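# What the coordinates show
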Amino acid sequence: MAIYKKERFGIARKIVSNMTSESWEQIPHSSLSYEADVTELLKEYKKLNEWIEDKSKKITINTIMIKVICEGLKEAPKMNCTLKFRRKLVRGTLKYHDNIDVTMPMILKSGEMMTVNMHDMGNKSLTEMTDAINDTIRRANNSDMNQVMYEVSLDNTLTGLKKGKLIQTIERLYGSKMPGKHKVHSLSGSKKKKYYSIPEEDRLTKHDIEQGTTTITNLGSVYKEQKGNCYLLEIIPPQTTAFAINAIQKRPTVITDEFGEEKIEIRSILPITIAIDHRSLDYGDVVPCLRKFDEIFDNPSVIQNWK
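How each quantity is defined
- Residues numbered from 1 in each chain as written.
- Predicted model: local features only at pLDDT ≥ 70, side-chain atom pairs only at ≥ 80, totals over all residues.
- Heavy atoms only, no water.
- Axes fitted to C-alpha atoms, helices over the stretch in contact; angles between N-to-C directions.
- Helix = DSSP H or I, 4+ residues; strand = E, 2+ residues; numbered from the N terminus.
- Left-handed = near helix turned anticlockwise from the far one by under 90°.
- Contact = heavy atoms within 4.5 Å.
- Nonpolar A, V, L, I, M, F, W, Y, C, P; charged D, E, K, R; others polar.
- Parallel < 35°, antiparallel > 145°, perpendicular 65-115°, else oblique.
- Buried < 20%, exposed > 50% of the residue type's maximum accessible area, 1.4 Å probe, protein only.
- Phe/Tyr/Trp six-rings, centres within 6.5 Å; stacked < 30°, edge-to-face > 60°.
- Patch = residues over 30% accessible without salt bridge, like charges linked within 9 Å, V, L, I, M, F, W, Y side chains within 5 Å.
- Areas by Shrake-Rupley, 256 points an atom, 1.4 Å probe, with all protein chains shown as cover.
- Salt bridge = Lys/Arg side-chain N within 4 Å of Asp/Glu carboxyl O.
- Lys, Arg positive; Asp, Glu negative; His and termini not counted.
- Charge placed at Lys NZ, Arg CZ, Asp CG, Glu CD.
- Core = buried A, V, L, I, M, F, W, Y, C linked by side-chain atoms within 4.5 Å.
- 1 Å grid on protein atoms, 1.4 Å probe; cavity = no way out; pocket = protein on both sides within 12 Å on 5 of 7 lines; lining within 4 Å.
- Points joined across faces, edges and corners; volume = space filled by probe spheres on them.

Here the focus is the packing of helix H3 (residues 61-75) against helix H4 (residues 126-141). Contact pair H3 / H4: the axes reach a minimum separation of 10 Å and the direction vectors enclose 120 degrees. You can see that H3 and H4 cross each other, and the crossing is right-handed. Contacts between H3 and H4 involve Thr63, Ile64, Ile66 and Lys67 from the former and Leu126, Met129, Thr130 and Ile133 from the latter. Split by residue class, the contact of H3 with H4 holds 5 nonpolar, 2 polar and 1 charged.

Next up, the structure:
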């Protein structure tokens, strides 16, 4: 079998591959799917944007779904925890957070995928969330992504060194900075000086890339023609949950009409995949979140109060 191409990992792929490897090595994953009937919610969604002429200000389904998930996490705060676990001593500590910081992948105009931390999304209105996402995209498009990722990688490496992970630190530095085909190239000289002359409010910093308290991925925005569900996704430690928003799909669904009779109707269904770290969470811990989802999708006019 002939090899026609070799593609070596850049720094972004190195970080992703390292984090996901750590995830599957350490975390016993459990997952479930919640199938949201968004037929009526889509009608309410249209009302939200009726008087908004500026396209950049329009609220997206993605933003609404992030808000829905945040509302669910408020009812199940254990799902917004981060975990410190020492396997050899069988000691675990859950840290509860007063903010919901959402780790969210986004695709930039360059085609690169970047995972950013959208801070304090649980306390924002839909308009504030839209503004925050748009501002992050603006700053990301002004940023040298390799340099941002290098800052994050270096910070993680030094943090590991402080925790006594000497061998890991040496291996990472060797793998990224030793001369050769796998060397990570960061800015230097006049290019570095010019880049860092850009004000921090106009570019991303490691504060924007650091881990949030949960991860929400919108698979439907990547492939709107998706059929079916995502069944499993990785949890990035020390987070204990991850969510995937799938594409909206038309499905035959049993509903109860105004006369109390059951019938089959074509409805718009949006599956939400939920992964939990089974070391810290059981299915019962997720139930309050699911009940909040039920409440929202049964009474979707509530989103008008979120604007």
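For the pair H3 and helix H10 (residues 283-298), interaxial distance at closest approach is 7 Å and the crossing angle is 135 degrees. One element, H3, and the other, H10, form an angle in the oblique class. Between H3 and H10 lies a crossing of right-handed hand. Along its contact with H3, which presents Met65, Val68, Ile69, Glu71, Gly72, Leu73 and Glu75, the element H10 presents Pro288, Cys289, Lys292, Phe293, Ile296 and Phe297. Looking at the contact of H3 with H10, its residues break down into 9 nonpolar, 1 polar and 3 charged.

Between Pro237 and Pro238 the backbone carries a cis peptide bond, its omega angle lying at 10 degrees. For Val90, which is not a glycine, the phi torsion comes out positive at approximately 50 degrees. Structurally, the position occupied by Val90 is in the loop between strand E2 (82-86) and strand E3 (91-95). According to the relative accessible area criterion, Val90 is exposed, its value standing at 63%. Residues other than glycine seldom take positive phi values, yet Asp120 does so here, at roughly 55 degrees.

This next bit is on the packing of aromatic side chains. On inspection of all chains with the given rule, the structure shows 3 aromatic pairs. Where Tyr34 meets Phe293, the ring centres are 5.3 Å apart and the plane angle is 70 degrees; that geometry is what we call edge-to-face. With a gap of 259 residues between them, Tyr34 in strand E1 (residues 29-37) and Phe293 in helix H10 connect regions that are remote in the sequence. Ring pairing ties together the aromatic residues Tyr34, Phe293 and Phe297, which thus form one cluster.

This paragraph deals with a positive patch on the surface. Taken together, the side chains of Lys84, Arg86, Arg91 and Lys95 present a region of like positive charge at the surface. Listed by contribution, the elements that provide at least two residues to the positive patch are E2 and E3. Considering the arrangement of structural elements, one finds Lys95 in strand E3. With relative accessibility at 45%, the residue Lys95 sits in the partly exposed group.

Here we take up the nonpolar core. Ile66, Met79, Val102, Ile272, Ile274, Phe293 and Phe297 are the most contacted members of the largest nonpolar core, which totals 57 residues. Among the elements that take part in this core, H3 stands out by supplying 8 residues, more than any other. If we skip the residues at most four places from it in the chain, Phe297 touches Tyr34, Ala36, Asp37, Val38, Leu41, Met65, Val68 and Ile272. Counting residues in each nonpolar core, the second largest holds 7 residues, with Ile235, Ala242, Ala244 and Ala275 among its members.

What follows is about the layout of surface pockets. What the second largest pocket holds in volume is close to 840 Å³. For the lining of the second largest pocket, the elements supplying multiple residues, two or more each, are H3, strand E4 (102-107), H4, strand E6 (214-218) and helix H9 (219-222). When the residues that make up the lining of the second largest pocket are grouped by side-chain class, the tally is 15 nonpolar, 11 polar and 3 charged.

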